[in-house]
Amino acid sequence: MSLIWPDSEANVVTNQARLHAFVIGVADYPHLNGGSGPMANDPLGLTQVTTPQHTAPAMAEWLMNGHSNPACQLGSLEMLVSPAVQIPVPAGGKAPADPAKMAEIKRSFAKWEKRCSSHADNIAFFYFCGHGLNKTDQFLLPEDFGDPALPNEWANCINFDWMRVGMRKCKAQTQIFFVDACRETPFGMLTQVNVGGDGLISASITDTVACSAAYYATTQGRQAYGPDNDVTYFGQAVLCCLKGVGGLKKGPKWVVDTYSLGNALGQVMAQLARRHALPLTCNPDVGGMARIHEPAAARVVAAVECSSPAANNVAEIILSRGATLIQSLLGQNKPIIEEVEAGDWTIDVRFPGGQYPVFPPQQYTFVPPVFEGVPVP
Amino acid sequence: MPLVFVHGVNTRKGEPGYEAQRLLTEKFLQKHLKDASINGKAMATVKPRFPYWGDLGTEFAWNMASLPAGQINALGAGVEDDLRPLIGFIGDVLADPKGAQAQPLLTLARKSLLHAVRAVSDLLLRQAKPADAESVASFIAAAQAYAEANPQPAWLAAITTDQQFINKLVSETATASVAPGTQALGLFDPVINPLSAAAAKLKGAVTSAASTVLNKTGDFASTKLLAWGRRPLNAVLGRFFGDVFVYLDARGDKNAPGAIPSVILGEIAQAMQDGPAGEPLVIIGHSLGGVISFDLLSYFRPDITVDLFISVGSQVSHFEEIKRFKNSNASIPSAQQKLATTPANIRHWINVFDEVDIFAYACDKVFDRVRDFRYDTETYTIKAHGAYFEQGRFYQRLRARIDQLP
Amino acid sequence: MSGDLNITFAADMPAASVEVLSPDLEVVARIMLSGGRSRTVRVPSEASFLRVSLPSGQSVILKDPGKLSRVVSMQSIFEQTSASSLRSGLTAKPAGLIPTQVSLEDLEQEEYARELPNLEAVNQYHLRRSGVRPVTPGQQPRVQQGLRLSSFATARIRSRELQEIPGVSTGRGREAHWEVEGDPRRPPLLLEIERPQGWVLQVRLPGDVQRCWVRADVLSRESALTFSVRLTTGEPMADTIMNYLQRGDLYSAGSMADWVEEAEAMLMDKRQDAYAAAVGAYLLLRLRQFPRLHDWAKNLANWFSFLPDGCVIWAWQMIHQKGPASEIRKYLLQAAARGLPVYTEGLRLLMDGLRLLGPEARVTYEGLVKDAREITWDSPLTASVLTKGDYSPSRESRPVVCNIAFASPSGSQPW
């Protein structure tokens, strides 16, 4: 089964604007290194991973329980995860998500696209987490990629660039894609002449889309990363931005739209790179503006340190707002990088050893997405 | 432990492979010599120094244009010069080299995993850029250890392509390539790319050779191999003699050491200063590096006491036979003294040679107090001279010899 | 208490996007200002404050509650600037928009020559570097066969006629610098960075490029060899827009949409700045503000045969506005025939357009892919890696990162 929510196709609303999501997470590749099946003729240096099986459910959880957009509520969640998992649903209980093999992906894609096309004001939401490769085009690998039994080794492979262009055929005028995968070109790809993939859908020049936004977990030629057995860093950044760090206040509401998300994601990834000392980058490609989500409150990633490494080494930094206190004492790592409430915060920088003058606590306004500071000493 | 490794001929920094080779040697030395005891002193820390004198070596005015080419090259025009010995070696190892064209590495691995590991290691080292050096050196050390411990792993029978072999070998020997606790949604080990490229190059060379050399000669007979391999062999010989002449011409004397002695003596002095105190001083000389080291210890600086001198693939006894050392005594051998005297400041001396290595000489028939030991690199002529330090087995045997010292 | 907030940029300020926020963080207005200009915005409270999004990527909050007339100057920005921008320790004094002239010897100092540890430091370095400009009084730089980038590569800039533009080596051989003084009526130039292994990075430069510099660093955090490229053109507004677009900051880029009409005028007047016009058009395409494009994109396509971007922009405007399919096809194919667009945005749109043409354009698409080789998609300018011999970028066991951006005019300050 691939429709996780609602519980049946009959309950999918098609006559009103809805956000229809298709989430794919692939953490089981039988034909790649360490896999349980016959090995691909060239596994391309790819092995088993675990982060997608945490990332996809986390995205699903937010979509079902966290997404809020009165003009375009969640309409459906189509989901495929390898290895197959049970996904908790809001009504209680769990729904099984089928494995993300190519045949299942094609079937689910067709259903998802049909739902998206049911109303021009729908939002088509696509999230893929798993192995990815790039050779001019971006390829996303389903579970059964590299099956040596097939004459065409690239038969089970999604050509994402063609897919995105092809989605212009879909009637939904807002289309949002998240590619949480690597964009490397392994040597083995260069020696193969017929590298290809299935675009899943095709369009023509008469097809248009008002807003098409793609957010890539990394820049071309680079890897995407995640902690073992947890959500990928890009996934963490996406969720954090959707939940408020990517928010912009329009009137009385906080809004995350395609522009603000693109702007926020890059800045958040930069802070994650600092915190984890990893080469994290991301790459938004946004055309057209559309509202995705209305978080209840805004959040900010605060990255606070002194103005020099020498000062950091002898400083204590305390952030406070009401009863909330965040601190990095002497000897603890700096910068402090934490996701906090937006608004006014007090930052107190102290030098217990007296190496620098005394600076009184200062008030700063933390506005999404990122606050970096402070000019002390 | 102050340990100085003096390189031999044809070593040029900046060329592909230099840094990877150096790192590989360092890794093996650290792994195998740690806690060895010499003269009652323990090697608690192994931090080798690698004095570099390659930029002071020979140069060829016409880039070795004097080497004849022509008909011999037609035998294997599609194969680069320095790959030919390797291709020939593979052909010698395999019963049916022509049949190995499709998957040469896998075919070789099924015959001998260690040979296959050495073949790819050889290719990797040739091409390894400084940025790749660490991952290449780590892979080679790990892959060799794996192949020695698992000469015929079960998975070899289950795979069918060279690419699968590469991937499987790396996954069996993988070291962490990203931060602990982090995984990449992509290549699991950065060494896969250069390794895949090396395998592709090998396959291309084997295919090319099979379509020309075999057709013309019918087999890889050693004489044909030698003819086909003349260019690379001559290149090695040329550089060897060139570096020897440069050293002999410009070594200077005790009061005014030449450039090469100065560089190496400087590193020895630094190694002694860095210590730590109480650990043995060890000097390893490879090829001409052994000759130079011996010259330095016997003439330039007889005041430096070396706990252990190790000459590997070296020509020390040969130079003594032709009396080319500064302190060579022309009157020896004589009725009174059959063997030349090993300098007193060399407390122990181990000399290693491979009989296949045409640049390596035994010493115990020329010098007193030297311990010769034969080491079989199990490779081909041109390769043997450089192979010692690429093989974990060599360091294991060396350690065993060190442990046997009084 | 509500009122009219007047915001003035001091003469030394570069063009930048300014958000006016109410005390409850609502974005009341988003405007673009440049040096010497001012705007008035209706605000709900005197406690409203400003967030200036500098082209460099830094954002600065400026608060002055109670005052309904605010002057934003480089000094006020500097006083509020975050810690990260002061980490460098560079001692250059604050200057105006015009870079400080320094001698070549000054650029040999340690601060320009030392290896940078990570991409963040590279970006910070270039902010500072934008503020200085080497001069060689009394002596023209020699035309060299490439300028050294440490031991990693050589770099050169060539015209379409393959004439090499003279430059200088700085940073103790780590950097190469050119004062190009380009002309917007000129075809694009080509920056080439060539490594001895047979790896060549080619970056298309707009014909109106004024300054360009390149450096090589081995980044310890990313374990990567990085070539970073920065340039300025004759139109700083276009550079600023490209920086915003490159970072995905479409709101800030959008605030500059009014400037685009000036760019259209530039196309018509004697300056004939096709490059600035192309940048403006790309912005409007992204923002989906097609009516503002009018039909001058067609002029861009027809008047400037050296610029494939014009054809791409016009084709896509017609796609969005449902123009005749035959015309769309004609201009897409014409763009491909003219070669690679100068801007990556144009290459992306061209490839997407050819995909949409379907099987009839398959051969053209594959030819373009072949010409494009390995594209650095996060570069604002079309940058591709070519290889010679049997070299392959995928043989690298560590990434080679190409970090290409327009220099920030606000880099005249020591950020």
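Residues numbered from 1 in each chain as written. Chains lettered and ligands numbered in written order. Predicted model: local features only at pLDDT ≥ 70, side-chain atom pairs only at ≥ 80, totals over all residues.

**Q** Looking at this structure, I do not really get the overall build of chain A. What am I missing?
**A** Looking only at helices and strands, chain A has seven helices and 23 strands in total. A compact globule built from 377 residues should have a C-alpha radius of gyration of about 21 Å, and chain A, at 22 Å, falls within 12% of that. Considered along the principal axes of its C-alpha atoms, chain A spans approximately 70 × 50 × 45 Å. Looking at chain A as a whole, 59% of its 377 residues are labelled buried. (Helix = DSSP H or I, 4+ residues; strand = E, 2+ residues; numbered from the N terminus. Rg over C-alpha atoms; globule rule 2.2 N^0.38 Å. Buried ≥ 20, exposed ≤ 12 C-beta atoms within 10 Å, placed from the backbone.)

**Q** Please clarify how the overall build of chain B should be interpreted in this entry.
**A** The secondary structure content of chain B amounts to 16 helices and nine strands. In chain B, which comprises 406 residues, the proportion classed as buried is 50%. Sequence separation of 24 or more characterises 76% of the internal contacts of chain B that already satisfy a separation of 6 or more. (Contact = placed C-beta atoms within 7 Å.)

**Q** Got a minute to help me understand the interface of chain C and chain A in this structure?
**A** In many reports, interface size means the accessible area that the parts give up when they come together. Every contact between the two is made by 43 residues of chain C and, on the other side, 45 residues of chain A. Elements that contribute at least two residues to the side of chain C that touches chain A include exactly β5 (49-53), α5 (250-254), α9 (308-320), α10 (325-338), α11 (344-357) and α12 (362-372) of chain C. Looking at the side of chain C that touches chain A, its residues break down into 19 nonpolar, nine polar and 15 charged. (Nonpolar A, V, L, I, M, F, W, Y, C, P; charged D, E, K, R; others polar.)

**Q** Just checking my understanding: could you explain the interface of chain A and chain B for this structure?
**A** Contact with chain A, which involves 30 residues of that partner, is made by 22 residues of chain B. Of all the secondary-structure elements, those providing two or more residues to the side of chain A that touches chain B are α4 (187-190) and β12 (225-227) of chain A. Looking at the side of chain A that touches chain B, the element that brings in the most residues is β12 of chain A, giving three residues. When grouped by side-chain class, the residues that make up the side of chain A that touches chain B number 13 nonpolar, 14 polar and three charged.

**Q** Looking at this model, I keep getting lost on the sheet that holds strand β1 (residues 2-6) of chain B. Mind explaining?
**A** Two pairing modes exist for strands in a sheet, parallel and antiparallel, and in both the strands are linked by backbone hydrogen bonds. Residues and elements named next belong to chain B. Reading across from one edge, β4-β1-β6-β7-β8-β9 is the order of the six strands in this open sheet, with parallel pairing throughout. Two strands lie at the open edges of the sheet, namely β4 (47-49) and β9 (370-374), each paired on one side alone. For this sheet the average axis-to-axis angle between neighbouring strands, irrespective of direction, equals 20°. Direction of pairing for β1 relative to β4: parallel, over a ladder of three bridges. Bridge assignment links proline 2 to a residue of β4, and that residue is lysine 47. (Pairing = 2+ DSSP bridges. Axes fitted to C-alpha atoms, helices over the stretch in contact; angles between N-to-C directions.)

**Q** Any chance you could explain the domain arrangement of chain B here in plain terms?
**A** Residue and element names in this part refer to chain B. Domain annotation of chain B identifies domain 1 (2-59 + 238-403) and domain 2 (71-228). For the side of domain 1 that touches domain 2, the elements supplying multiple residues, two or more each, are α1 (18-33), α15 (381-387) and α16 (392-403). At seven residues, α1 tops the list of elements feeding residues into the side of domain 1 that touches domain 2. Of the residues in the side of domain 1 that touches domain 2, the class split is seven nonpolar, five polar and five charged. (Domains from an automatic or database assignment.)

**Q** When you look at the environment of alanine 203 of chain A in this model, what are you seeing that I'm missing?
**A** Take alanine 203 of chain A: it is sitting in the loop between α4 and β11 (211-216). For the pair alanine 203 of chain A and glycine 166 of chain A, spaced 37 residues apart in sequence, the C-alpha separation works out to 4.5 Å. Apart from residues lying up to four places away in sequence, alanine 203 of chain A is in contact with Val165, Gly166, Arg168 and Lys169 of chain A together with Leu356 of chain C.

**Q** Quick question: what am I supposed to make of helix α3 (residues 119-129) of chain C here?
**A** Helical geometry: 3.6 residues make up each α-helical turn, so side chains three or four residues apart lie on a common side. All names here are of chain C. The element α3 is extensively covered by neighbouring structure, given that eight of its eleven residues are classed as buried. Those residues of α3 that sit buried are Leu119, Asn123, Gln124, Tyr125, His126, Leu127, Arg128 and Arg129. Packing partners of the buried residues in α3 comprise β9 (132-135), β17 (209-219), β18 (224-233) and β21 (400-406).

**Q** What exactly am I supposed to notice about the domain arrangement of chain A here?
**A** All names here are of chain A. Split by domain assignment, chain A resolves into domain 1 (3-293) and domain 2 (300-373). For domain 1 and domain 2, the distance between their C-alpha centres works out to 36 Å. Contacts between domain 1 and domain 2 engage 13 residues on the former and nine residues on the latter. Mapped by element, the contributors of at least two residues to the side of domain 1 that touches domain 2 are α5 (233-245) and α6 (258-276). Take the side of domain 1 that touches domain 2: its biggest share by element is seven residues, from α6.

**Q** Explain the sheet that holds strand β8 (residues 137-140) of chain A to me, please; I cannot follow it from the model alone.
**A** Residues and elements named next belong to chain A. Strands sit in the order β7-β8-β9 across an open sheet of three strands; the sheet is antiparallel. Two strands in the sheet have a free side with no partner beyond their single neighbour: β7 (132-135) and β9 (158-159). Across four bridges, β7 lies against β8 in antiparallel orientation. When the sheet's bridge partners are listed, lysine 135 is paired in β8 with aspartate 137.

**Q** Explain the confidence of the model for chain B to me, please; I cannot follow it from the model alone.
**A** Caution applies to low-pLDDT regions: their predicted coordinates should not be interpreted in detail. Residue and element names in this part refer to chain B. Summing up the model confidence of chain B, the mean pLDDT is 83 and the portion of residues at 70 or higher is 84%. Of all the helices and strands in chain B, helix α2 (residues 71-74) carries the lowest mean pLDDT, 49, while strand β7 (residues 308-312) carries the highest, 97. Segment residues 214-223: pLDDT under 50, and nine contacts once partners within four positions in sequence are set aside and those in other chains are kept. For this predicted complex, the interface confidence reaches an ipTM of 0.87, while the overall pTM sits at 0.86. (pLDDT = per-residue confidence, 0-100.)

**Q** How do you make sense of unusual backbone geometry when you look at a structure like this?
**A** As a rule of thumb, non-glycine residues mostly have phi less than zero, and peptide bonds are mostly trans rather than cis. Cis geometry marks the peptide bond from glycine 373 of chain A to valine 374 of chain A; its omega dihedral reads 5°. Counting through the fold element by element, valine 374 of chain A comes out in the segment after β23 (370-373). Here the amide bond leading from isoleucine 332 of chain B into proline 333 of chain B is cis, since omega sits at 15°, within 30 degrees of zero. The phi dihedral of arginine 369 of chain B is positive, around 60°, even though this residue is not glycine. Note on placement: arginine 369 of chain B falls in the loop between β8 (349-353) and β9.

**Q** Sorry, what's going on with the nonpolar core here?
**A** Nonpolar side chains tend to gather and get buried jointly when the protein is soluble and globular. Formed by 356 residues in total, the largest nonpolar core has its most connected members in Cys241 and Val268 of chain A together with Ala278, Leu300 and Ala315 of chain C. Here this core gets eleven residues from one element, more than from any other, and that element is helix α7 (residues 274-287) of chain C. Beyond its immediate chain neighbours, meaning those up to four positions away, alanine 315 of chain C contacts Ile328, Tyr331, Leu332, Ala335 and Gly353 of chain C. (Core = buried A, V, L, I, M, F, W, Y, C linked by C-beta atoms within 7 Å.)

**Q** Looking at this structure, how should I read the pairing of β11 of chain A?
**A** Two faces belong to every sheet, and in a regular strand the side chains alternate between them. All names here are of chain A. The buried fraction of β11 is high, at six of six residues. Residue alternation in β11 divides its side chains into two sets, Cys211, Ala213 and Tyr215 and Ser212, Ala214 and Tyr216, and both sets are buried. Bridge count for strand β10 (residues 174-180) against β11 is six bridges, and the pairing is parallel. Bridged to phenylalanine 178 within β11 is tyrosine 215. Direction of pairing for β11 relative to strand β15 (residues 283-287): antiparallel, over a ladder of five bridges. What sits directly across from tyrosine 215, in β15, is proline 284.

**Q** Explain the pairing of strand β1 (residues 3-9) of chain C to me, please; I cannot follow it from the model alone.
**A** All names here are of chain C. One ladder, built from six bridges, connects β1 with strand β4 (residues 38-43); its direction is antiparallel. Within β4, the residue paired with leucine 5 across the bridge is valine 41. Examined bridge by bridge, β1 and strand β7 (residues 69-72) share four bridges and lie parallel to one another. Bridge pairing links asparagine 6 to serine 69 in β7.

**Q** Is there a simple way to explain the environment of isoleucine 346 of chain B in this structure?
**A** Residues and elements named next belong to chain B. Secondary-structure assignment places isoleucine 346 in the loop between α14 (316-321) and β8. Residue isoleucine 346 is classed as buried on the basis of its C-beta count, with 22 C-beta atoms lying within 10 Å. As for isoleucine 346 and arginine 369, which are separated by 23 residues in sequence, their C-alpha atoms are 9.4 Å apart. The contact partners of isoleucine 346, leaving out residues within four places of it in the chain, are Leu297, Val306 and Phe309.

**Q** I tried to follow the environment of glycine 358 of chain C on my own but got confused; where do I start?
**A** Along the chain, glycine 358 of chain C falls in the loop between α11 and α12. Sequence separation between glycine 358 of chain C and phenylalanine 152 of chain C is 206 residues, and the spatial gap between their C-alpha atoms is 42 Å.

**Q** For this particular structure, what's the right way to read α1 of chain B?
**A** All names here are of chain B. Here α1 is 16 residues long and its end C-alpha atoms lie 22 Å apart, about the 22 Å a rise of 1.5 Å per residue gives. Listing the buried residues of α1 in full gives Tyr18, Glu19, Ala20, Gln21, Arg22, Leu23, Leu24, Thr25, Phe28, Leu29 and Leu33. Tucked into the core, α1 has its buried residues touching β1, β4, α5 (113-127), α6 (133-149) and α16. Aspartate 35, located one to two residues past α1, shows a positive phi value of around 70°. (Expected span 1.5 Å × (residues − 1).)

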